[in-house]
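Per-entry structural report
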Amino acid sequence: MKLGVIGTNWISEQFVAAATASGLYQLTAVYSRRLDTAEKFIAKTAPARAYVDLGAFLAADFDVLYIASPNSLHASQTIAGLNAGKHVICEKPMVADLGELAALEKTRATHPTLLVFEAARHLYDPNFAVIKDYVQKQPISGATLSYVKYSSRYDAYLAGEQPNVFSPAFAGGALMDLGVYLVYAAVAWFGVPNTAQYLPHLLASGVDGDGVARFVYDDFAVTMLCGKTTNSYAPSEIYSGRATLSFDSPGELNSLALIDGARQDLTQPKDDNPMADEVRVFAQAIAAGDQAFAQRQFDLATQVHTLMWQLRQQAGIHFPGDPVN
Ligand SMILES: NC(=O)c1ccc[n+]([C@@H]2O[C@H](COP(=O)([O-])OP(=O)(O)OC[C@H]3O[C@@H](n4cnc5c(N)ncnc54)[C@H](OP(=O)(O)O)[C@@H]3O)[C@@H](O)[C@H]2O)c1
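For the structure given in this document, a descriptive report is provided here. Computed from a prediction, not measured in an experiment: that's the story for all the values here. The residue count restarts for each chain, going from 1 along the sequence in the order it is written. Side-chain atom pairs in this predicted model are given and counted only at pLDDT of 80 or more, local residue features only at pLDDT of at least 70, and totals for whole chains, interfaces and linings cover all residues. By convention in this description, side-chain values take in all heavy atoms of the structure and omit both hydrogens and water.

On to the overall build of the protein. A count of helical and extended segments in the protein gives 10 helices and 14 strands. Put simply, the radius of gyration uses C-alpha atoms, and a globule should come to 2.2 Å times the residue count raised to 0.38. Radius of gyration (C-alpha) of the protein: 19 Å, near the 20 Å computed for a compact globule of 325 residues. Considered along the principal axes of its C-alpha atoms, the protein spans approximately 60 × 45 × 35 Å. For every residue, the accessible area (1.4 Å probe, protein chains only) is compared with the maximum for its type, and the residue is labelled buried under 20%, exposed over 50%, or partly exposed between those bounds. Expressed as a percentage of its 325 residues, the buried residues of the protein come to 54%. Whether two residues are in contact is decided by their heavy atoms, any of which lying within 4.5 Å being enough. A separation threshold of at least 6 residues defines the contact pool for the protein, and within that pool the share at least 24 residues apart is 67%. Approximately 14,100 Å² of the protein is accessible, and the part contributed by carbon and sulfur atoms is 52%. His is not counted, nor are the chain ends; Lys and Arg add positive charge and Asp and Glu add negative charge. Positions of charges follow a simple convention, taking NZ of Lys, CZ of Arg, CG of Asp or CD of Glu. Taken as two groups, the 23 positive and 32 negative side-chain charges of the protein have centres that lie 2 Å from each other. Secondary structure is summarised from DSSP: a helix means a run of H or I of at least four residues, a strand means a run of E of at least two, and numbering begins at the N terminus for each. All accessible areas in this document rest on Shrake-Rupley with a 1.4 Å probe, and a residue is counted as covered only by the protein chains that are shown.

With that out of the way, let us pick up the environment of Gln-297. Here Gln-297 lies in helix 10 (residues 291–315). Linking Gln-297 and Phe-117, residues 180 residues apart in sequence, is a C-alpha distance of 7.1 Å. Filtering out sequence-adjacent residues up to four positions away, Gln-297 remains in contact with Phe-117, Leu-123 and Tyr-124.

A pair of strands is treated as paired once DSSP finds two or more bridges between them. Bridge analysis of strand 13 (residues 256–260) against strand 14 (residues 262–265) gives 4 bridges, and the strand direction is antiparallel. Paired with Ile-259 across the bridge in strand 14 is Arg-263.

This next bit is on a nonpolar patch on the surface. The grouping of Leu-199, Val-212 and Leu-225 at the surface amounts to a nonpolar patch, some 240 Å² of accessible area in total. Counting through the fold element by element, Val-212 comes out in strand 9 (residues 208–216). Residues enter patches when they are more than 30% accessible in relative terms and free of salt bridges; like-charged ones are connected within 9 Å and nonpolar ones (Val, Leu, Ile, Met, Phe, Trp, Tyr) within 5 Å. Salt-bridge detection follows one rule: a side-chain nitrogen of Lys or Arg within 4 Å of a carboxyl oxygen of Asp or Glu.

So, on to the pairing of strand 9. Taken together, the 8 bridges between strand 8 (residues 195–202) and strand 9 define a ladder with antiparallel strand orientation. By the bridge assignment, Thr-195 is partnered in strand 9 with Val-216. Between the end of strand 8 and the start of strand 9, which pair antiparallel, lie 5 residues, with Gly-206 showing a positive phi angle near 105°. Summarising the sheet, strand 9 and strand 10 (residues 221–227) pair through 7 bridges and their orientation is antiparallel. In the sheet register, Val-212 faces strand 10, and the bridge partner there is Leu-225. The loop that links strand 9 with its antiparallel partner strand 10 comprises 4 residues.

This part covers the pattern of salt bridges. Counted under the stated rule, the structure contains 11 salt bridges. Between Arg-108 and Glu-105 there is a salt bridge whose closest N-O contact spans 3.2 Å. Of this pair, Arg-108 and Glu-105 are both found in helix 5 (residues 98–110), 3 residues apart, which corresponds to roughly one turn of the helix. With a relative accessible area of 12%, Arg-108 lands in the buried category. A salt bridge links Asp-133 to Lys-137; its shortest N-O distance comes to 3.0 Å. With Asp-133 and Lys-137 both in helix 6 (residues 126–137), this residue pair falls 4 residues apart, about one helical turn.

Another aspect to go through is helix 8 (residues 174–190). Throughout, bend refers to the angle between the axes fitted to the seven residues that end at a position and the seven residues that start at it. At Val-180, helix 8 shows its maximal kink, close to 45°. Across the 17 residues of helix 8, 17 count as buried, placing the element largely inside the fold. Where helix 8 terminates, the next one or two residues include Gly-191, which has phi positive at roughly 95°.

We now examine the sheet that holds strand 4 (residues 64–67). An order of 3-2-1-4-5-6 is seen for the 6 strands of this open sheet, with the pairing classed as parallel. Pairing within the sheet leaves two strands with one partner each, and these edge strands are strand 3 (49–51) and strand 6 (116–119). For this sheet the average axis-to-axis angle between neighbouring strands, irrespective of direction, equals 20°. Here strand 2 (residues 26–31) pairs with strand 3 via 3 bridges, running parallel. Directly across from Val-30, in strand 3, lies its bridge partner Ala-50. The strands touched by helix 4 (residues 74–83) are strand 1 (2–6), strand 4, strand 5 (87–91) and strand 6; relative to strand 5, the strand with the most contacts, the crossing angle is about 170°. The angle between two axes is taken between their N-to-C directions and runs from 0 to 180 degrees, where each axis is a line fitted to C-alpha atoms and a helix contributes only its stretch in contact.

Right, dumping it as structure tokens:
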């Protein structure tokens, strides 16, 4: 399949590397706000044509659009991609608010043969499936999920700049960036909670630097920690009576063990490129026209982003693009 890319940062390079290595995609078009940036990206990745005009780019000959722009642009670019007849793989978070989710759902409905996927890459990690299997088979007593990483942009923020990921204008912050991995994991493993709360630490820019979310279910509760202003090495854990499933973070999944008296390593082998699994799954679904699979993934995304919105509203984290009540 021919691939077009929006966004020229390292994550797009990683995606193109995974896509090309899979043998299922060929990069043909790259959009950037600057021609030299697009050309540098092409020189580093694979031969393609560079575009600075979004309309001309979307009219170009490619089948699948990958979007890795700032969060606030995801929904409108996904909608533009669908209207241009492209399948879309959009980076997380695919939408920033419920208004964007509704607009995207409406556009999807008018293009039923085009598939849309949110690049929640951890869903396709083999270790994610092992955890899901454990959770389905064991009575769950609770969980603590953690994804706390010092952002490569935080020093610039501390120096007085406002990088996109720390800006409300670009729908940034810890919950939107790393928290979405945790919300995805909790919903995929345990379902939609009865109640959901988020206690953020707000930065002066108005986004959350870190925060703690709590999802309450009938028989247990899940605590989630996300942050972009420190590094945490605390493990994530799922509890079943005296047994504990322990892993690094739902967003990384490099180590997984069951501790029940003895420690049993359950880590599954995986590709060095963390996007290898998702690019393969998306390509196979698109090639097969698997609308049922795409719908299931979109239904999950809808549950996740409904909760993300509730958490933001309840915590008082507002973006300029939010719909007015
Ligand atoms: N799946 C993962 O593992 C993973 C990892 C990192 C990031 N991400 C996601 O990938 C997305 C991009 O993250 P990032 O850190 O690369 O973001 P970023 O550096 O802020 O922006 C990404 C790209 O968007 C374009 N851009 C930047 N500012 C813009 C603006 N003001 N208006 C229009 N376009 C702009 C730039 O491309 P041009 O200069 O070429 O226009 C830039 O390379 C985010 O949604 C993030 O959540 C995912």
